[in-house]
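Chain and residue survey
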Amino acid sequence: MTSLDELFPSDAQIPEAVRLPAYLEQREYLVDGELRRWEGELNPVQSPVYVRTEQGPQPRVIGATPLLTSRESLAALDAAVKAYDLGRGVWPTLRVAQRIEHVERFLAAMRQQRTPVVNLLMWEIGKTQGDSEKEFDRTVDLIVETIRALKELDRTSSRFVQEQGIMAQIRRAPMGVALCMGPYNYPLNETFSTLFPALLMGNTVVFKPAKFGVLLIQPLLTAFRDCFPPGVINIIYGKGRETVGALMESGKVDVFAFIGTNKGASELKRMHPRPHRLKAVLGLDAKNPAIILEDADLDNAVKECVTGTLSFNGQRCTALKLLMVHRSIVGPFLERFTAAVEKLKPGMPWEPGVSITPLPEPGKATYLQGLVDDAVAKGARIVNARGGQSARSFYAPTIVYPVTGDMRLATEEQFGPVVPVMVFDDEDEVVKLVVNSSFGQQLSLFGRDSARIGRLIDAFSNQVGRININCQCQRGPDTFPFNGRKDSAEGTLSVADALRVFSIRTLVAAKTTPDNTALVQSILTRHESSFLTTDFLF
Ligand code: G3H
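The structure presented is a predicted model; accordingly, all values stated were derived computationally and were not measured.

Comments concerning the sheet that holds strand E7 (residues 166-174)
- Spatial ordering of the open sheet is given by E6-E7-E27, a layout of 3 strands whose pairing is antiparallel. Two strands lie at the open edges of the sheet, namely strand E6 (160-163) and strand E27 (503-511), each paired on one side alone. Pairs of neighbouring strands in the sheet enclose a mean axial angle of 35 degrees, with direction left out of account.
- As defined by bridge partners, E7 adjoins E27 across 9 bridges and the pair is classed as antiparallel. Residue pairing across strands places Met167 opposite Ala510, the latter belonging to E27.
- Packed onto the sheet, helix H17 (residues 514-525) meets E6, E7 and E27 and runs at close to 35 degrees relative to E7.

Right, dumping it as structure tokens:
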């Protein structure tokens, strides 16, 4: 196999279409409708893609972003608080149709920025070109779908309900100020999957981009500034502890949308002085297992497990992070799985057919090797020929077998291209492992015997948020609920659920008397209220 180091390109080998401007120094951040300039210290953005020179592959710093302090982040929060104005601001009181118009203007501007954003996804987080394009397009579709769901919600909630002599109109109103933070593996999609529902429901937002995949927000900054009233969306940069800690300590954040580790989420939530006022929606750690029963269709199980464990190098919260295979088929499964994994092509994100790419987290290869060494020291072995190979930000897909409960790989979320394979004899062993896990996002079941699959569905239905039959774990379609139990999540996201997360049902109710009916009718026909209305413009 080509040594991984040789896969890094020289400058001349980088195709014109994916080249970045020499150095992207970003000093602007968005507060109160203004792109403010930061004159202080910057945070360098180092690409996971090294560039080959005569001295060998060298790290490439592609730009820098502002290292703001708590002073600037609190100014952003103040702008959001002012724009919300205790629910009396322009944005929270705007009609739904008008809010949608603002978001549609943003969408049109966003579509124009596809190429720079996709290129930055490749350079900043090493995502393949196909997956980067998919992330961009999926995000646009998600916003379009969210608008459609909001129109539907608005239509249905304009109907009056009658119950026990009381008539009411039940609508959804915003919560207040939302803090939205996304993860580095889906820095656009996952972040916007909370940011846009928050905005559409009338909240004002402070948004802090992920730790990697930060510069890719820059091409959208002007659109954010121009498409929303001042203070409605504020974008800050810098170290989480310094910037976000201050926001939580202020007690002025009403909704906390965070995709990251449960440790990080707990620390931040604890800082809020009035936790009962804080609504949280969290997407956290996971250790999704695939359970491969003895009658599974092996070709399908192998295909699904390859993409399930290794697409985007295993850096998906929904990735399969532990394969549990019945002893009677572990030999043929490993043989076919290993052959398929060995075919995965490593290379640069923009190269056709590539699926293994450099990892954005500094020191990740060393961390992964630590997990593998621990397993090997306790009796496992690396199954595939190139397993364990690494070079700088590259780590080759590594299949480790047999993994046992005492190894870190059995319980720790590797979030990378290491595939632990465990063997089981009795399905009770598998059930016990899932029940005792700290995580509860999803699992995959591979098999054909309906009685057995039915029994296992029942065993797992109170353990995880989604049970996948004969396919890998995944979030999509985005209209399906996405959640988890235990340390894996708080709340549910989907196109429709996200709109609920960022709003509270608020109703106007009156006894159904002739006078009240006439009063309500007058308000409706004369358009005397924006909230109590049966008008919808869709
Ligand atoms: O990282 C977590 C993502 O929500 C996973 O989404 O299953 O579509 O890759 P996905």
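Quick look at the packing of aromatic side chains
- Considering all chains together, one arrives at 17 aromatic pairs under this definition.
- Consider the rings of Phe192 and Phe207, whose centres lie 6.3 Å apart with planes at 80 degrees: the pair is edge-to-face. Note that Phe192 is positioned in helix H6 (residues 189-200) and Phe207 in strand E9 (residues 204-208), a separation of 15 residues in sequence. In this structure, Phe192 and Phe207 share a single accessibility class: buried.
- Following the ring pairs from residue to residue traces out a cluster consisting of Trp91, Phe106, Phe192, Phe196, Phe207, Phe224 and Phe228.
- Positioned above the aromatic ring of Tyr186 is the side chain of Lys127, whose terminal nitrogen or guanidinium carbon lies 3.8 Å from the ring centre.
- A cation over an aromatic ring shows up here: Lys127 above the ring of Phe312, its NZ or CZ 4.8 Å from the ring centre.

About the cut-offs
Residues numbered from 1 in each chain as written. Predicted model: local features only at pLDDT ≥ 70, side-chain atom pairs only at ≥ 80, totals over all residues. Heavy atoms only, no water. Pairing = 2+ DSSP bridges. Helix = DSSP H or I, 4+ residues; strand = E, 2+ residues; numbered from the N terminus. Axes fitted to C-alpha atoms, helices over the stretch in contact; angles between N-to-C directions. Contact = heavy atoms within 4.5 Å. Phe/Tyr/Trp six-rings, centres within 6.5 Å; stacked < 30°, edge-to-face > 60°. Buried < 20%, exposed > 50% of the residue type's maximum accessible area, 1.4 Å probe, protein only. Lys NZ or Arg CZ within 6 Å of the ring centre and 35° of its normal.

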